[in-house]
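Secondary and tertiary structure notes
Below, each chain spelled out in residue letters.
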Amino acid sequence: MTLSIDLLGWAGAATMLYGYIMVSASRMAGDGMPYQVINLFGSIALMISTAYHDAWPSAILNIIWAAIGVVSITRLISARSGKKAVNAP
């Protein structure tokens, strides 16, 4: 079980690092859906790993990071729905 949790944590860290590299290299928009999904997955994976290992400051940080991701994704979806409603005949 510990190996699975550790691998999940590493996957989360790698995913978040990938997103940061892509935004820093101007290959991905920081306010776009792909970046927000990457951050959400990464933060959830790291939250599970850090909570399992009783690293509560990091776990709480990643809970907040995930909440920000959920809000951002919700706003992006809402904005897309609003645009579709405006463009509908």
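Before reading further, recall that the structure is shown in the block above.
Described in the following lines is the structure provided in the data block.

The rules we used
Residues numbered from 1 in each chain as written. Predicted model: local features only at pLDDT ≥ 70, side-chain atom pairs only at ≥ 80, totals over all residues. Heavy atoms only, no water. Helix = DSSP H or I, 4+ residues; strand = E, 2+ residues; numbered from the N terminus. Buried < 20%, exposed > 50% of the residue type's maximum accessible area, 1.4 Å probe, protein only. Contact = heavy atoms within 4.5 Å. Areas by Shrake-Rupley, 256 points an atom, 1.4 Å probe, with all protein chains shown as cover. Axes fitted to C-alpha atoms, helices over the stretch in contact; angles between N-to-C directions. Parallel < 35°, antiparallel > 145°, perpendicular 65-115°, else oblique. Left-handed = near helix turned anticlockwise from the far one by under 90°. Nonpolar A, V, L, I, M, F, W, Y, C, P; charged D, E, K, R; others polar. Expected span 1.5 Å × (residues − 1). Polar contact = N/O pair within 3.5 Å; in protein donor to acceptor, adjacent residues only side chain to side chain.

**As for the overall build of the chain**
For the chain, the helix and strand inventory stands at three helices and zero strands. Along the chain, helices (α) and strands (β) appear in the sequence α-α-α when read from the amino end. For the chain, the spread of C-alpha atoms along the three principal axes comes to 55 × 25 × 20 Å. Per-residue burial for the chain yields a buried fraction of 29% across its 89 residues. Long-range contacts, defined as pairs at least 24 residues apart, comprise 58% of the intrachain contacts of the chain with a sequence gap of at least 6. In the structure as shown, the chain presents an accessible area of about 6000 Å², 71% of it carried by carbon and sulfur atoms.

**Details of the packing of helix α1 (residues 2-24) against helix α2 (residues 33-52)**
Here α1 crosses α2 at 150°, and the two axes come no closer than 8 Å. With respect to α2, the element α1 is oriented roughly antiparallel. The chirality of how α1 crosses α2 is left-handed. Residues of the contact of α1 with α2, tallied by class, amount to 15 nonpolar, nine polar and no charged.

**Here we look at the environment of D54**
The topology assignment puts D54 in the loop between α2 and α3 (56-87). For D54, a relative accessible area of 54% corresponds to the exposed category. For the pair D54 and Y35, spaced 19 residues apart in the sequence, the C-alpha separation amounts to 28 Å.

**Considerations on α1**
Over its 23 residues, α1 runs 33 Å from end to end, which matches the ideal 33 Å to within 8%, given 1.5 Å per residue. Listing the buried residues of α1 in full gives I5, G9, G12, T15, M16, G19 and M22. Of the residues flanking the end of α1, it is S26, one or two places downstream, whose phi is positive at about 60°.

**Focus on the side chain of T50**
With respect to the helices and strands, the residue T50 is situated in helix α2. Separated by 3.3 Å, the side chain of T50 and the backbone nitrogen of A59 make a polar contact. Contacts of T50, omitting those with residues within four sequence positions, involve A55, S58, A59 and N62.

The analysis is restricted to geometry; functional conclusions fall outside its scope.
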